[in-house]
Amino acid sequence: MTWGRPGVRIPYRAPMIILGIETSCDETALALIETRGSGESFECRIINSLIHSQAKLHSQYGGVYPALAKREHGKTLVPLLEKLKSDLGSRGFTSEVKPRDLDWNDIKSQNPELFESFTKADFLKEIPAVDYIAVTEGPGLEPALWVGINFAKMLAETWQIPVIPVNHMEGHIVGSLLESDKPDGKWQKLKEINFPALALLISGGHTELIKINNIGDYQIIGQTRDDAVGEAYDKAARLLGLPYPGGPHLAKLAQQARDSNISIPISLPRPMIDSKDLNFSFSGLKTAILYAVRKAEQAGEFTDEFKKGLAREFEQAVVDTLVSKVHAALDDGNMNALIIGGGVSANKYLNQTLTKVALEYGIPIFTPSQHISGDNALMIALAGSLQIKTEMLGLIRASGTKKLGFDS
Ligand code: KG4
Ligand code: ZN
């Protein structure tokens, strides 16, 4: 499967300000960036980046509960935007933030919380110095995505500015190319990278290997057949009695086990490690953990030591599996760089191991900074700015702000 815009070149542009919106999962995020130049002289500066995590709300369900995520995004977006108010600048005022067309009736019934807070927000009457709105159009949780898309649509109509639909995965890719994630307003160039490059995108919702032929030209060459890596971490962590999202907690136990040389209580499978393709499967690992935990409980051996040992073996099984597929993709891909992104890319042990792999192949590795390894709107604003192209904007103006049913 491929997506993107093969051969897109960034034309020379005057500075422009982009508002990014991200609601694909359980983070409600907004960011404001400014970009200028094109090609090698492309630069951006981060004006602000805000992330509201819903993780605590979902913790009682042990995973993201879509209806709750949707409602929470609806409640959060307008107040979050208000926090950006002092950064938004001004281009004058509009007389109203009232429904502009019949589509807003659909939004009112689909996202009542969003509709209500939006139409009551007088601060939205001030038209900001924003040139474009970039919004995540997918992949992600459908009900959650639509809140962000509807928000973008209402803002676009109120302020009369165009919307750029952004692929969430492209966001993770370009996010890893930022030198700094600090909202200090300083101009920065993106890290230099040669294509084709390999990206490993790993989070609670996705596990993909992507061949990047160029910015805007992507090919998915491997993906999970069932659970995503982060999901496997979270489910395994839950079985070990750890809070949600359990990935970082499980990683901590695994690290303690390695540091104190706690041995592994049982061996876990390395799923699909010998398959000829570049696909993954992680649901079997969760089942193996379930049986191991049950057996230990029955034998009265479900101790802290056991949990640490099992966490160590779980992490090793995940790392071995990811590393073997990355090896396979690098072996026949003629890749010039390795990019990792998504929430699980924050995992130190995985990072260290993949850094060694990249060294073996003599290629650089690009990892996102901590603040943007998980979902955020900074990467969405950046991906949006990179895809702005004169004729594309023509298309967006012609159809996008009226009816945001993007096909990518
Ligand atoms: O990208 P992200 O913030 O949200 C999406 O799922 O799209 O990723 C969150 C996932 C969760 O499953 C979380 O447990 C996992 O990333 N995660 C980690 C670590 N930090 C976050 N998994 C393993 N080790 C970590 N250090
Ligand atoms: Zn993500």
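Quick note: structure is the one above.
Residues numbered from 1 in each chain as written. Chains lettered and ligands numbered in written order. Predicted model: local features only at pLDDT ≥ 70, side-chain atom pairs only at ≥ 80, totals over all residues. Heavy atoms only, no water.

Peer 1: Quick question: what am I supposed to make of the overall build of the protein chain here?
Peer 2: If you tally the helices and strands in the protein chain, you get 14 helices and 12 strands. Structurally, the protein chain occupies a C-alpha span of about 70 × 45 × 35 Å along its principal axes. Within the protein chain, the fraction of its 408 residues that count as buried is 55%. Long-range pairs, those at least 24 residues apart, make up 77% of the contacts in the protein chain between residues at least 6 apart in sequence. Carbon and sulfur atoms make up 50% of the accessible area of the protein chain, which totals about 17,500 Å². (Helix = DSSP H or I, 4+ residues; strand = E, 2+ residues; numbered from the N terminus. Buried < 20%, exposed > 50% of the residue type's maximum accessible area, 1.4 Å probe, protein only. Contact = heavy atoms within 4.5 Å. Areas by Shrake-Rupley, 256 points an atom, 1.4 Å probe, with all protein chains shown as cover.)

Peer 1: Explanation requested: unusual backbone geometry in the structure shown.
Peer 2: Most peptide bonds take the trans configuration, and most residues that are not glycine carry a negative phi. Cis rather than trans, the peptide bond between Gly138 and Pro139 has omega equal to -5 degrees. Here Pro139 is to be found in the loop between β5 (132-138) and α6 (142-159). Looking along the chain, the bond that leaves Tyr244 and enters Pro245 is cis, with omega of -10 degrees. One non-glycine residue with positive phi stands out, namely Gln160, at about 60 degrees. Counting through the fold element by element, Gln160 comes out in the loop between α6 and β6 (163-167). By relative accessible area, Gln160 is classed as exposed at 63%. At Asn261, a residue that is not glycine, the phi angle is positive and equals roughly 55 degrees.

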